[in-house]
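Here are the chains, one letter per residue:
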Amino acid sequence: SGENGKGLNIDKSKLSPEELKKYEKGYQRNAFNQYASDQMSLHRTLPDVRDKECRDRNYATELPDTSIIVIFHNEAWSVLLRTVFSCLDRSPGHLVKEIILVDDFSDFEHLQAPLQEFADSQEKVRLVRAKKREGLIRARLLGASVAQGNVLTFLDSHCECTMGWLEPLLDRISQNKSNVVTPVIDVINDDTIQYQYSSAKSTSVGGFDWNLQFNWHGIPDHEKKRRKSDVDPVRSPTMAGGLFSISREYFEYLGTYDPGMDIWGGENLELSFRIWMCGGSLDIAPCSHVGHIFRKRSPYSWKTGVNVVKKNSIRLAEVWLDEFSKYYYERFNYDLGDYGDVSARKALRERLHCKSFKWYLDNIYPDLFIPGESLASGEVNGVFNSQSQPACLDSAADKKAYNKAIKLWPCHNMGGNQYWMLSKSGEIRRDEGCFDYAGQFVMIYPCHAMKGNQEWIYGPDNTLRHKNTNLCITLSEDGTKIEMKACTGIDRQIFHWKRKIPDSDVKKTEPNGQKLLR
Ligand code: UDP
Ligand code: MN
């Protein structure tokens, strides 16, 4: 089973008590269906998932070789070995210098002596072990420090490489050492282990939001126009982080990773900004497909006590975001906490003469919504509910919140789910989530930039009017929820929201830097 990338549906009700136990344990330890994976060949076949045009593309005859670096902390045996074999089985031998497995201090039994035996039995596989739990960033650094190939190719430990995956990556780098390139990351279903893919036309590019979370987007129009064919490399403002190739020399020149980052998170944006701002480029190669098991939770332990993602993100914001770091910091009222010393990273930026973050936003990610161009921001405070205690419009704005009603909650003055921005085009938004009213109730929906149900007017009378229906956001009489009512300007329709002069109006300067005022 599992051949040709097919999935396996396990019917739990048909398992014996003993098998069911294995099944549950596999899920609990990995957050994917290890039980299903264990029943599939370590060399299972996959379909040729590439677009037809990819098959007759020509690549340079002399490509650089690569060290493939696979880091892991407590990975399942079948999944880890399938990652290794999929690379070995589907890459031209002379292009794979070695596969370096970096064990980030795992305690699973099968990753001790049995894995060492496996590595010893394979000519190209080397196993290095961290002496303590390092996290994915320093684990990759450990792998890179012993690598000998011309190119470093990083992979997660739950991947499957498909036919022809490697050549497009190496070809891009052979054209220019400062090209960093990622494959298309296909989904290996976490439950059935099915290999899922789509055509090059629907390749997604990486972005981020002001919570410094990575996200995916369709290819923007300006990038579609720039390219001749769907299978040409696509410029991507950021990368997801787990799977990419980079010249070893260039990785070192660029300052590898920030070793002050722990466990997981932020390093992908940090490297993406650094590549673009310091003279490199970052593309996705639509002819290179590698599958990755995306899971819904993180199965391993994180260091307790510290919010490591926040700490890592602050490190990168301090070094790379310039005046734009405030958009991130406002999210938690500048409560930065202890993020360690970043002076070495700032010195690196100086040394490499990297461009500004403004340049990056203008040239590499012009589609990003800039909070400084918003007309109002902060909590949206309806003062006059029945308890005469301030109540705020409150909702998450991420995927989980889509299609759900905006709630009313006591104002807590800590930003978070009460932080909203009014965009120039009338959206009430945070990140990619917008207030949307389609006649039923006000909900969060992905921002679509087409006004319609997402266009609001924050009037001089402090009402929030929906342009399309001409109705106003109104606190219910009992003060427990919001409703849409005709705009009459009653107290329950009045909202306080900090108005702003957009940055873009303040900073209108002439090319020589002088203010336009005369
Ligand atoms: N990893 C690691 N040490 C850690 C955390 C993660 O070596 O402390 C490895 C993990 O085994 C995986 C890679 O880093 O190979 C990326 O982690 P994960 O897959 O959990 O991240 P995601 O793909 O969900 O973003
Ligand atoms: Mn992963």
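Our structure is the block above this text.
Everything numeric here is computed off the predicted structure, so don't read it as measured data.

### Concerning the pairing of strand S22 (residues 471-475)
Then step 1. Buried residues dominate S22, accounting for four of its five residues.
Then step 2. Bridge count between strand S21 (residues 464-466) and S22: two bridges; the pairing is antiparallel. Bridging across to S22, Arg 465 finds its partner in Cys 472.
Then step 3. Taking the residues that link successive antiparallel strands as the turn, the S21-S22 hairpin has four residues, and the phi of Asn 470 there is positive, at about 65°.
Then step 4. Judged from the five bridges that link them, S22 and strand S23 (residues 482-486) form a sheet pairing that is antiparallel.

### Here's the deal with the pattern of salt bridges
Then step 1. Inspection of every chain in the model, using the stated rule, returns 33 salt bridges.
Then step 2. Linking Glu 223 and Arg 226 is a salt bridge whose minimum nitrogen-to-oxygen distance equals 2.7 Å. Placement of the pair is Glu 223 and Arg 226 together in helix H8 (residues 221-226), with a separation of three residues, close to one helical turn.
Then step 3. Classification of Arg 226 as partly exposed rests on a relative accessible area of 39%.

### Concerning the packing of helix H11 (residues 308-320) against helix H13 (residues 343-351)
Then step 1. Where H11 meets H13, the closest approach of the two axes is 9 Å, and the angle between their N-to-C directions is 35°. In the packing of H11 onto H13, the handedness of the crossing is right-handed. Contact residues: Glu 318, Val 319 and Trp 320 in H11; Arg 345, Lys 346 and Arg 349 in H13.
Then step 2. Each residue belonging to the contact of H11 with H13 can be placed in one class, and the counts come to two nonpolar, no polar and four charged.

### With respect to the sheet that holds S21
Then step 1. Spatially, S20-S21-S22-S23 is the arrangement adopted by the four strands of the open sheet, whose pairing is antiparallel. Taken across any chain shown, the strands that pair with only one partner, and hence form the sheet edges, are strand S20 (456-458) and S23. Taken pair by pair, the neighbouring strands of this sheet meet at an average axis angle of 35°, ignoring direction.

### Observations concerning helix H7 (residues 166-175)
The periodicity of an α-helix, 3.6 residues per turn, causes residues three or four positions apart to be oriented the same way.
Then step 1. The buried fraction of H7 is high, at eight of 10 residues.
Then step 2. The set of residues buried in H7 consists of Leu 166, Glu 167, Pro 168, Leu 169, Leu 170, Asp 171, Arg 172 and Ile 173.
Then step 3. Looking at the buried residues of H7, the elements they touch are strand S1 (66-72), strand S2 (96-103), strand S4 (151-155), strand S6 (179-188), strand S11 (244-247) and strand S12 (281-293).

### Re unusual backbone geometry
Negative phi is the rule for most residues except glycine; trans is the rule for most peptide bonds.
Then step 1. Even without being glycine, Asn 333 reaches a positive phi, approximately 45°.
Then step 2. Summarising the element assignment, Asn 333 is placed in the loop between helix H12 (325-329) and H13.
Then step 3. Even without being glycine, Asp 431 reaches a positive phi, approximately 50°.
Then step 4. Here Asp 431 lies in the loop between strand S17 (428-430) and strand S18 (433-437).
Then step 5. Note on Asp 431: relative accessible area 16%, which makes it buried.

### Quick word on the packing of aromatic side chains
Then step 1. In this structure the tally under the stated criterion is 31 aromatic pairs.
Then step 2. Residues Phe 273 and Tyr 360 carry aromatic rings whose centres are separated by 5.1 Å and whose planes lie at 70° to one another, so their mutual orientation is edge-to-face. Placement of Phe 273 in helix H10 (residues 267-277) and of Tyr 360 in helix H14 (residues 357-363) is noted, with a sequence separation of 87 residues between them. Pair check on accessibility: Phe 273 and Tyr 360 agree, each one buried.
Then step 3. Three or more aromatic residues link up through ring pairs in this structure, and these residues are Phe 208, Trp 210, Phe 273, Phe 324, Tyr 327, Phe 357, Tyr 360 and Tyr 365.
Then step 4. Over the ring of Phe 332 we find Lys 310, and its NZ or CZ is 4.4 Å from the ring centre.
Then step 5. The ring of Phe 369 carries the charged tip of Arg 429 above its face, separated from the ring centre by 4.3 Å.

About the cut-offs
Residues numbered from 1 in each chain as written. Chains lettered and ligands numbered in written order. Predicted model: local features only at pLDDT ≥ 70, side-chain atom pairs only at ≥ 80, totals over all residues. Heavy atoms only, no water. Buried < 20%, exposed > 50% of the residue type's maximum accessible area, 1.4 Å probe, protein only. Helix = DSSP H or I, 4+ residues; strand = E, 2+ residues; numbered from the N terminus. Pairing = 2+ DSSP bridges. Salt bridge = Lys/Arg side-chain N within 4 Å of Asp/Glu carboxyl O. Axes fitted to C-alpha atoms, helices over the stretch in contact; angles between N-to-C directions. Left-handed = near helix turned anticlockwise from the far one by under 90°. Contact = heavy atoms within 4.5 Å. Nonpolar A, V, L, I, M, F, W, Y, C, P; charged D, E, K, R; others polar. Phe/Tyr/Trp six-rings, centres within 6.5 Å; stacked < 30°, edge-to-face > 60°. Lys NZ or Arg CZ within 6 Å of the ring centre and 35° of its normal.

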